Each structure stands twice: as structure tokens, then as C-alpha cells.
Amino acid sequence: MAVQWNKDADAALAEAKAAKRPLLVDFSAAPA
Amino acid sequence: MPLEAHIKEHPAYFHRFDALWTPTVLILDSNGVERQRIEGYLPKDEFRAQLELGLARVAFMHKRWADAEQRYTQVVERYPDSKAAPEAVYWRGVSRYKATNDHTVLGQVPEQLKGEYADSVWALKASVWSH
């Protein structure tokens, strides 16, 4: 199952808060 | 809930979350508070174990003792050979102690860390609870 990555930090934080779920943040410099 | 922060697309996120190296993975709780930081590459199972440790830490820091204990137990059972396992044994004991206030629970932890986990720093930390 493909992961649906969010790319907007503020939106992701708001979504996590609303859903009362943890948020995983992946910092990468890998070539696309 | 996943957020991707690529250095070329969102360099400001690196500063915002104090990420100075890649790969870095954070687990934040629902209030946006960092509860786990994984810096550098890890093999698949070690990485998964660290992620699950992070989720256990979220439960622990929210004082959900039973949930935390269950999650730490899962780390030990799913990844017994990982570097995360002795840490999970330690915090599983602490979670149970927090839930019960029974100090004898802590006394069992050094015994659980004998054997393959004896050389871990967690065995050292738990040694103070030996009888």
C-alpha cells in the first residue's frame, strides 16, 4: 500500500491534532 | 500520518524541526511535540523497531501506561534481536510500574535484561533495581 505523503507541515500538524494521531516526519535529501 | 520534507522542496522545515542531517525521521505526538528522533540509516527491522519505540514513547508521555506497556512488549516480541529490544524491556517495566505503583515490578527488569541484552546500556540502567 502506497503511503500518502503530506508535504505541508502546517496542514499535517493540524490534521494530526484533529485526528489525535502521531505525525511521522521524514527529512530527505535523496534524489527524486 | 506522514509528512515528507525534502531538502530541495522545503528547506525551511529542516530549520523548523532542527533537522541537520539526512535521513532524519521524527515522530511527533498529536500536539506536535517531538517524541522520537531517528538520525541516520538503519536496516529495515531496526528502523521499524525504532518507529514502534516512538509510538510507545508517545503513549508513555501521555501517561497511557497500559497502551505504552503493550507497545513496548510488541517491540520485544517482534524485534527481539534489535537494538531497540532492551530499551523496550526497560520502558515496559517502567510503564508497568507507573500503572501499578508496585516497585517489585522494577526489580524484575534486571533479570529480564540478562542474557543477550546484558551488554546494553539499558541493563546498566536497570541494574540499580537489582535486589
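In this text, all values refer to a predicted model and were calculated from it rather than measured experimentally.

## Observations regarding the overall build of chain B
Right, on to step 1. If you tally the helices and strands in chain B, you get six helices and three strands.
Right, on to step 2. Along chain B, helices and strands appear, N-terminal first, in the series β-α-β-β-α-α-α-α-α.
Right, on to step 3. Counting only C-alpha atoms, chain B reaches 55 × 30 × 25 Å along its principal axes.
Right, on to step 4. Taking all 131 residues of chain B together, the buried fraction comes to 36%.

## Observations concerning the pairing of strand β1 (residues 2–6) of chain B
Right, on to step 1. Burial of β1(B) is one-sided: the residues L3(B) and A5(B) facing one way are buried, the residues P2(B), E4(B) and H6(B) facing the other way are not.
Right, on to step 2. Direction of pairing for strand β1 (residues 23–28) of chain A relative to β1(B): parallel, over a ladder of five bridges. Looking at the pairing, S28(A) lines up with H6(B) of β1(B).

## Topic: the interface of chain B and chain A
Right, on to step 1. Contact with chain B, which involves 27 residues of that partner, is made by 21 residues of chain A.
Right, on to step 2. Split by residue class, the side of chain B that touches chain A holds 16 nonpolar, seven polar and four charged.
Right, on to step 3. Sheet topology note: the β1(A)/strand β2 (residues 24–28) of chain B ladder contains five bridges and is antiparallel. For L23(A), the partnering residue across the bridge sits in β2(B) and is L28(B).

## Digging into helix α2 (residues 44–61) of chain B
All names here are of chain B.
Right, on to step 1. Between its terminal C-alpha atoms α2 stretches 26 Å, which fits the 26 Å expected from 18 residues at 1.5 Å a residue.
Right, on to step 2. For α2, the complete set of buried residues consists of A49, Q50, E52, L53, G54, L55, A56, R57, V58, A59 and F60.
Right, on to step 3. Buried residues along α2 sit in contact with β2, β3 (34–39), α3 (65–78) and α4 (84–100).
Right, on to step 4. Following α2 by one or two positions, K63 has its phi on the positive side, about 60°.

Cut-offs used in this document
Residues numbered from 1 in each chain as written. Chains lettered and ligands numbered in written order. Predicted model: local features only at pLDDT ≥ 70, side-chain atom pairs only at ≥ 80, totals over all residues. Helix = DSSP H or I, 4+ residues; strand = E, 2+ residues; numbered from the N terminus. Buried ≥ 20, exposed ≤ 12 C-beta atoms within 10 Å, placed from the backbone. Pairing = 2+ DSSP bridges. Contact = placed C-beta atoms within 7 Å. Nonpolar A, V, L, I, M, F, W, Y, C, P; charged D, E, K, R; others polar. Expected span 1.5 Å × (residues − 1).

This is a description of form; function is not addressed.
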